[in-house]
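Breakdown of the fold
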Amino acid sequence: MSTQASNTRSEPSNDPAAQLDVLGDECARTILVATSDGPKTAKELTERTDSSSATVYRRINNLLESDLLAECVRFDEDGSHTTAYEATAETLSVRIGADGIEVSVARNDSYSSH
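On a predicted model such as this, the values are computed, not experimentally measured, just so you know.

As for the packing of helix α3 (residues 42-49) against helix α4 (residues 53-65)
- One way to put it is that α3 packs onto α4 with a least axis distance of 9 Å and a crossing angle of 110°. The angle between the axes of α3 and α4 places the two elements in the roughly perpendicular class. Classified by chirality, the crossing of α4 by α3 is right-handed. In this structure, α3 contributes A42, L45, T46 and T49 to the contact, and α4 contributes S53, V56, Y57 and I60.

Side note on the packing of helix α2 (residues 26-35) against α3
- Close contact between α2 and α3 brings their axes to 10 Å; oriented N to C, the two are set at 120°. Judged by the inter-axis angle, α2 sits oblique to α3. In the packing of α2 onto α3, the handedness of the crossing is right-handed. The residues of α3 that touch α2, namely those facing C27, T30, I31, A34 and T35, are L45, R48 and T49.

Quick word on the confidence of the model for the chain
- Per-residue confidence for the chain gives a mean pLDDT of 82; residues scoring 70 or more make up 82%.
- For the chain, the element scoring lowest by mean pLDDT is strand β1 (residues 2-5), at 43; α4 scores highest, at 96.
- A low-confidence stretch, residues 1-12 (pLDDT under 50), is modelled with 33 contacts involving residues beyond four sequence positions or located in other chains.

Focus: the pairing of strand β3 (residues 81-87)
- In this structure, strand β2 (residues 69-75) lies alongside β3, joined through 7 bridges in antiparallel fashion. When the sheet's bridge partners are listed, A70 is paired in β3 with E86.
- The hairpin turn running from β2 into β3, its antiparallel successor, is 5 residues long, and G79 in that turn takes a positive phi close to 95°.

Re the pattern of salt bridges
- Per the stated rule, a full pass over the model turns up 3 salt bridges.
- We note a salt bridge from R59 to D25, for which the minimum N-O separation is 2.9 Å. Of this pair, R59 sits in helix α4 while D25 sits in the loop between α1 (16-23) and α2, placing them 34 residues apart in sequence.
- R59 sits in the buried class, given a relative accessible area of 18%.
- What makes D25 partly exposed here is its relative accessible area of 22%.

Procedures and definitions
- Residues numbered from 1 in each chain as written.
- Predicted model: local features only at pLDDT ≥ 70, side-chain atom pairs only at ≥ 80, totals over all residues.
- Heavy atoms only, no water.
- Axes fitted to C-alpha atoms, helices over the stretch in contact; angles between N-to-C directions.
- Helix = DSSP H or I, 4+ residues; strand = E, 2+ residues; numbered from the N terminus.
- Parallel < 35°, antiparallel > 145°, perpendicular 65-115°, else oblique.
- Left-handed = near helix turned anticlockwise from the far one by under 90°.
- Contact = heavy atoms within 4.5 Å.
- pLDDT = per-residue confidence, 0-100.
- Pairing = 2+ DSSP bridges.
- Salt bridge = Lys/Arg side-chain N within 4 Å of Asp/Glu carboxyl O.
- Buried < 20%, exposed > 50% of the residue type's maximum accessible area, 1.4 Å probe, protein only.

Now the structure itself:
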């Protein structure tokens, strides 16, 4: 099974408030953890989160928009393919100062060029 990046990803937002908001949701955090070790399909994520598929898709979209998740195509050995999702962040740091809140994201090696 192999993966390839897709160009169908929505326009990311590097807004610290949006990134923190999306991480405040347990389902979104579960999706990030599940996708940190490789791409997972929405069906696999639905099973992992014990949430409805509609909820999982909403969280996936929030994570995509926050640039914490990437969409890719997963090719199976039989030649079929499916959309899968993979975490793009390895480390997230939050700094609070007089100028406000700053969120720094360290990318996974495969997404360091994004």
